[in-house]
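Here are the chains, one letter per residue:
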Amino acid sequence: MLAFALKRLGLAVLVTFTVSAISFSLLHLSGDPATAIAGENATEADIAAINEQYGFDRPFAEQYAEWLWNAVQGDFGQSYYFKLPVAELIADRLSVTMTLGVCAISFALLTAVPLGVLAAIRPNSLIDRIALFISVAGQAMPSFWFGLIMIVVFSIKFRLLPPSGSETWRHFIMPTIVLGYYAMPAIMRLTRAGMLEVLNADYVRTARAKGAGAGRVLFKHALRNAIVPVVSLSAVQMGFMLGGSIVVESIFALHGAGYLAWESIGRHDLPTVQALILIFSCFYILFTLLSDLANAWLDPRIRVG
Amino acid sequence: MKPIIATGAIALAAALSSGQAFANKADDTLHTAFSKELETTDFYFQSAREGTILARQVWDGLVYRDQKTGEYIGNLASSWEWIDDTTLEFKLREGIKFHNGEEFDADDVVYTVNYVVDPDNHVVVPGNVNWMESAEKIDKYTVRIHTKGPFPAALEYLAGLVSIYPNEYYAEVGPTGMGQKPVGTGPYMVESVDPGKHYVLKKYDDYHESPKGKASIGTIDIRTIPDVNTQMAELFSGGIDMIWNVPSDQATQLKAMDQFTVSNESTMRIGYITMDAAGRGGENPFQKKEVREAVGYAIDRQAIVDNLLQGSSKVVPSACYPSQFGCEQDVKAYPYDPEKAKELLAEAGYPDGFTIDFYAYRNRPYAEAMMAYLAEVGIKTDLNYLQYSALREMQQKGDAGFGFLTWGSNSIADVSAITSLFFKFGNQDFARDEEVKNWLDAGDTTVDGEVRKENYSKALKKIADEAYWIPLFSYNTNYVFTKEVDFSPSPDEIVRFFEMSWK
């Protein structure tokens, strides 16, 4: 198990390294950073001065090596755009994204799993149909549209919730629902499919036969097995929510890490983008690892295997 | 189970609706929004419109340009005179204090100027300041600014682009500190900065007798809200009192609702079509004058203004914004005439037109309208819609010679901020006309206004005759604010909070 874990960790480091190298090259290929930093009003002399100042005229490999060396030592440099230490900037933005991500995935799990279970217990019943409708709607609605509809209803019509900002918990309600709803359909459908499968499995029939209560059969025997792929899926969704909540963060003016990453690409703010990519890839790796561990706990066969 | 959910929802709704703060004049706070995350509040280390807007509230220049008369009035300076072609002497006002209590005198001007012109300090837009050589203290309230060569637009630049910093404070905190806690002499003090996200300004009660006038509204609260729909939602729900840069179709709807004041004002930004007349990117049809003229006749610019830009936008005839100093208006015009365009193309040897790449970086619908007009006369285009920086990079290499671009002149009301930038053999100059360059040089380095006008006029007339550029239209901005706000926007696209008041 330890050797397995170490091997996985080594692989993870390699993945992170590759991701950062590729993103570094892509950013350099996609346009001239000096022109982006100088802004629209810059003259050519301005751009030349910036090229020299930031050393963009140096060989590409040299620039990457320098960045990597500093990053390994925990120094992500200064944001070209905000002129602030990248670590400070990201810490601030990440807290918003983390809050939103955790709330959204919790919302998704808390609604999707019970709905999926209910739908599986009574397949093709009214509740199954409703669950199907909800998940199809969630999959089909673009989040920017859903977000705006929420704003129209809850902020403008009823004036219950503030449309934008991140000052209080009330600011997080609509973004949580919009982002969580996006992740919900997949989780629900997977829960339903898994439950349907295991509810027809021999060991569930055996459990029923030996007289186990309905609740015990459902949760201890069936759900515990059906939930394994859901855990893996949630880990991926969580990673997506931390890096990919750009639209939601933008609509609700949350100023999180996803929006920062998106904007930083346009601004060619290389240190910020590089640091964010590193952090996002670490998150993905961390969540995958956590889901593996959770699955091993849920399913002893994975532990042994 | 159902009743529990129902009660829960009602309780939640009740909890949520309490304590909702609405912006209004009762708490003397104007809430508004930026669309873009501002890099830093240190004016010299950013290049955004938002930064210019903030700077006008927090800092002062030596002089101020009156929006109505266009005249320069002393602000931190009380008077000035040209000692010679490259020396401008200022008498400073006495008794002015910075927001932190520091006294304003010649040392502040000298420190600020010498700091920003020093190439080692790497201000973001050196072109704004590097026409100055240095500043020199004569006595406590007299200071001289030395320019590198004759620079006739000096006062315009000083009014718009040179904010005076407190020397002791800036020496201590530097650009990072100024970005977190800006200190100036302006009508508003900065109370808090959450970088890129949130800025709170408070009225400066000890503001000096400046032509800007004292601020009326007590607090200005600015949040960054990137999505224009969200900005409108905030406006509707009472979260903010004012927004700007509202797209024309939405502004029209808002106007019809009669709940808000919608005010439209032109900006100094103009759109233009550039063509590779010099053949920098290799042989191309635009090296023929007839083809360039055909482009001018092919596009119905008035229709684009009427249908897409709307508001106070106008077709511009010349390669500059009409109110800029030296912007000759009496130049060859290219009215919409597709037949003539076809004739010219045939004359140039393209009776069936040709196919070519067309570059653009903003306002895609405008670009597409132009492409449709061009297609009608036979010029078929493939659109390359790029990030601005990518487009600039291509032009540096001589590529992307045919495209729709725009320029805002940094709100500098002088032709040297636009025509001279583009037609003096720089890397966005696809005309490379020696004669035009010489006229512009003469205009840029003469202090005599009449001589300048004469030279700029010659240059602009030739640019139009040769159709190096097809100037298109001026841009406009829609400002939308609640009926409680008293505000009239100015044509330089700078929001002056200190001129606003409650009705």
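## A look at the overall build of chain A
Item 1. Assigned secondary structure in chain A consists of 14 helices and zero strands.
Item 2. Reading the secondary structure of chain A in the N-to-C direction produces α-α-α-α-α-α-α-α-α-α-α-α-α-α.
Item 3. The dimensions of chain A, computed from C-alpha atoms along their principal axes, are 80 × 60 × 30 Å.
Item 4. Per-residue burial over chain A gives 44% buried out of 305 residues.
Item 5. Considering only residue pairs separated by 6 or more positions, chain A has 72% of its internal contacts joining residues 24 or more positions apart.

## Observations concerning the overall build of chain B
Item 1. Helices and strands together make up the secondary structure of chain B, namely 15 helices and 18 strands.
Item 2. Against the globule reference of 23 Å for 503 residues, chain B gives a C-alpha radius of gyration of 25 Å, in line with a compact fold.
Item 3. Dimensions along the principal axes, computed over C-alpha positions, put chain B at roughly 80 × 70 × 35 Å.
Item 4. Every one of the 503 residues in chain B was classed for burial, and the buried ones make up 51%.
Item 5. Intrachain contacts of chain B at a sequence separation of at least 6 include 70% that bridge at least 24 residues.

## Some points on the pairing of strand β13 (residues 354-360) of chain B
All names here are of chain B.
Item 1. Where β13 lies against strand β14 (residues 379-385), seven bridges are found, and the strand directions are parallel. Bridging from a neighbouring strand, threonine 355 pairs with lysine 380 of β14.
Item 2. With respect to chirality, the unit in which β13 leads through helix α11 (residues 364-377) into the neighbouring parallel β14 is right-handed.
Item 3. Of the pairings in the sheet, the one linking β13 to strand β15 (residues 403-407) comprises two bridges and is parallel in character. By the bridge assignment, tyrosine 359 is partnered in β15 with glycine 403.

## Some remarks on the interface of chain B and chain A
Item 1. Across the boundary between the two partners, chain B contributes 45 residues, which contact 39 residues of chain A.
Item 2. Those elements giving two or more residues to the side of chain B that touches chain A turn out to be α1 (2-17), α5 (167-180), β10 (219-224), α6 (228-236) and α12 (388-396) of chain B.
Item 3. Per-class residue counts for the side of chain B that touches chain A are 17 nonpolar, 20 polar and eight charged.

## What to know about the environment of tryptophan 407 of chain B
Residues and elements named next belong to chain B.
Item 1. Relative to the helices and strands, tryptophan 407 resides in strand β15.
Item 2. A count of 21 C-beta atoms within 10 Å places tryptophan 407 in the buried class.
Item 3. Along the sequence, tryptophan 407 and serine 474 sit 67 residues apart, while their C-alpha atoms lie 9.7 Å from each other.
Item 4. Leaving out residues up to four positions away in the same chain, tryptophan 407 has contacts with Arg269, Ile270 and Ile418.

## Quick word on the confidence of the model for chain B
Item 1. For chain B, per-residue confidence averages 91 on the pLDDT scale, and 95% of positions sit at 70 or higher.
Item 2. Across residues 1-21 of chain B the pLDDT falls below 50, and counting only partners more than four positions away or on other chains, this stretch makes seven contacts in the model.

## A closer look at the domain arrangement of chain A
Residues and elements named next belong to chain A.
Item 1. Each domain of chain A was delimited in the assignment, giving domain 1 (2-54) and domain 2 (87-304).
Item 2. The C-alpha-based centres of domain 1 and domain 2 are spaced at 30 Å.
Item 3. Those elements that provide at least two residues to the side of domain 1 that touches domain 2 are α1 (2-29) and α2 (33-38).
Item 4. For the side of domain 1 that touches domain 2, the element with the most residues is α1, which contributes eight residues.
Item 5. Residues belonging to the side of domain 1 that touches domain 2 are distributed by class as follows: eight nonpolar, four polar and no charged.

## A few points about the pairing of strand β7 (residues 142-147) of chain B
Residue and element names in this part refer to chain B.
Item 1. Pairing analysis gives five bridges linking strand β5 (residues 87-92) to β7, with the strands arranged antiparallel. Counterpart to phenylalanine 90 in the pairing with β7 is valine 143.
Item 2. Here strand β6 (residues 132-139) pairs with β7 via six bridges, running antiparallel. Paired with aspartate 139 across the strands is threonine 142, a residue of β7.
Item 3. Between β6 and β7, which pair antiparallel one after the other, the connecting turn spans two residues.

## Details of the nonpolar core
Item 1. The biggest cluster of nonpolar side chains holds 232 residues, and the ones touching the most others in it are Ile187 of chain A together with Ala298 and Val480 of chain B.
Item 2. No other element matches the 15 residues that helix α5 (residues 86-121) of chain A contributes to this core.
Item 3. Domain assignment of the residues forming this core places at least three in each of domain 1 (2-54) and domain 2 (87-304) of chain A.
Item 4. Setting aside anything within four residues of it in sequence, one finds alanine 298 of chain B in contact with Pro338, Ala341, Tyr373, Leu374, Glu376, Val377 and Ile379 of chain B.

## Thoughts on the sheet that holds β7 of chain B
Residue and element names in this part refer to chain B.
Item 1. Pairing in this open sheet of four strands is antiparallel, and the strands run β4-β5-β7-β6 from one edge to the other. Both edges of this open sheet fall to β4 (77-84) and β6, since each of them pairs with a single strand only. Adjacent strand axes in the sheet meet at a mean angle of 20 degrees, parallel and antiparallel pairs treated alike.
Item 2. Sheet topology note: the β4/β5 ladder contains six bridges and is antiparallel. If you follow tryptophan 82 over to β5, its bridge partner there is leucine 88.

## Overview of helix α3 (residues 106-117) of chain B
Residues and elements named next belong to chain B.
Item 1. Taking 1.5 Å per residue, twelve residues should reach 16 Å; α3 reaches 17 Å between its end C-alpha atoms and fits that length.
Item 2. Considered for burial, the residues of α3 that qualify are Ala106, Asp108, Val109, Thr112, Val113, Tyr115, Val116 and Val117.
Item 3. Tucked into the core, α3 has its buried residues touching β5, β6, β7 and α5.

## Some remarks on unusual backbone geometry
Item 1. We note that alanine 253 of chain A has phi near 45 degrees; this positive angle belongs to a residue other than glycine.
Item 2. Secondary-structure assignment places alanine 253 of chain A in the loop between α11 (246-251) and α12 (257-266).

## Observations regarding the packing of helix α7 (residues 143-157) of chain A against α6 of chain B
Item 1. As a packed pair, α7 of chain A and α6 of chain B sit with axes 10 Å apart at the nearest point and diverge in direction by 10 degrees. By the criterion of interaxial angle, the relationship of α7 of chain A to α6 of chain B is roughly parallel. Contacts from Leu148, Ile151, Ser155 and Ile156 of chain A of α7 of chain A reach α6 of chain B at Asn229, Thr230, Ala233 and Phe236 of chain B.

## Observations concerning the packing of α5 of chain A against helix α8 (residues 173-199) of chain A
Residue and element names in this part refer to chain A.
Item 1. Axis separation between α5 and α8 bottoms out at 6 Å; the angle between their running directions is 35 degrees. You can see that α5 and α8 cross each other, and the crossing is right-handed.
Item 2. Among the residues forming the contact of α5 with α8, the class breakdown is 23 nonpolar, five polar and one charged.

## Some details on the environment of valine 162 of chain B
Residues and elements named next belong to chain B.
Item 1. For valine 162, the location among the structural elements is in the loop between α4 (154-161) and α5.
Item 2. Judged by the 25 C-beta atoms lying within 10 Å of it, valine 162 is buried.
Item 3. Setting aside residues no more than four positions away along its own chain, valine 162 makes contact with Gly61, Val129 and Tyr157.

## Some thoughts on the environment of asparagine 70 of chain A
All names here are of chain A.
Item 1. Looking at the element boundaries, asparagine 70 is found in helix α4 (residues 60-72).
Item 2. Looking at asparagine 70, the number of C-beta atoms within 10 Å reads 13, which means it is partly exposed.
Item 3. Aside from chain neighbours lying at most four places away, what touches asparagine 70 is Asp75 and Gly77.

Calculation criteria
- Numbers given to residues run from 1 along each chain, matching the order in which its sequence is written.
- Chain labels run from A onward and ligand labels from 1 onward, assigned in the order the entries are written.
- Local features in this predicted model are restricted to residues of pLDDT 70 or higher, and side-chain atom pairs are both shown and tallied only at a pLDDT of 80 or more, whereas totals for entire chains, interfaces and linings draw on every residue.
- The helix and strand labels rest on DSSP assignments: H or I over at least four residues marks a helix, E over at least two residues marks a strand, and numbering proceeds from the N terminus.
- Between the buried cut of 20 or more and the exposed cut of 12 or fewer other C-beta atoms within 10 Å of a residue's own C-beta lies the partly exposed class, and all C-beta atoms are placed from the backbone.
- Note that contacts rest on C-beta atoms placed from the backbone: two residues are in contact if these are within 7 Å.
- Two things to know: the radius of gyration comes from C-alpha atoms, and the globule rule equals 2.2 Å times the number of residues to the power 0.38.
- Strands are treated as partners if at least two bridges between them are detected by DSSP.
- Think of it like this: strands point away, you trace from the first strand over the helix to the second, and a clockwise trace means the crossover is right-handed.
- Asp, Glu, Lys and Arg are counted as charged, while Ala, Val, Leu, Ile, Met, Phe, Trp, Tyr, Cys and Pro are counted as nonpolar; the rest, among them Gly, fall into the polar class.
- Residue-level confidence of the predictor is what pLDDT reports, using numbers from 0 through 100.
- As annotated, the domain borders come from an automatic or database domain assignment.
- What makes a nonpolar core is a set of buried Ala, Val, Leu, Ile, Met, Phe, Trp, Tyr and Cys residues, with links drawn between C-beta atoms within 7 Å.
- All axes are obtained by fitting lines to C-alpha atoms, using only the stretch in contact for helices, and the reported angles, taken between N-to-C directions, cover 0 to 180 degrees.
- Take the residue count of a helix, subtract one, and multiply by 1.5 Å to get its expected span.
- We call two directions roughly parallel when the angle between them is under 35 degrees, roughly antiparallel when it is over 145, roughly perpendicular when it lies between 65 and 115, and oblique otherwise.
- Helix crossings fall into two classes, left-handed where the near helix is turned counterclockwise from the far one by less than a right angle and right-handed where it is turned clockwise.

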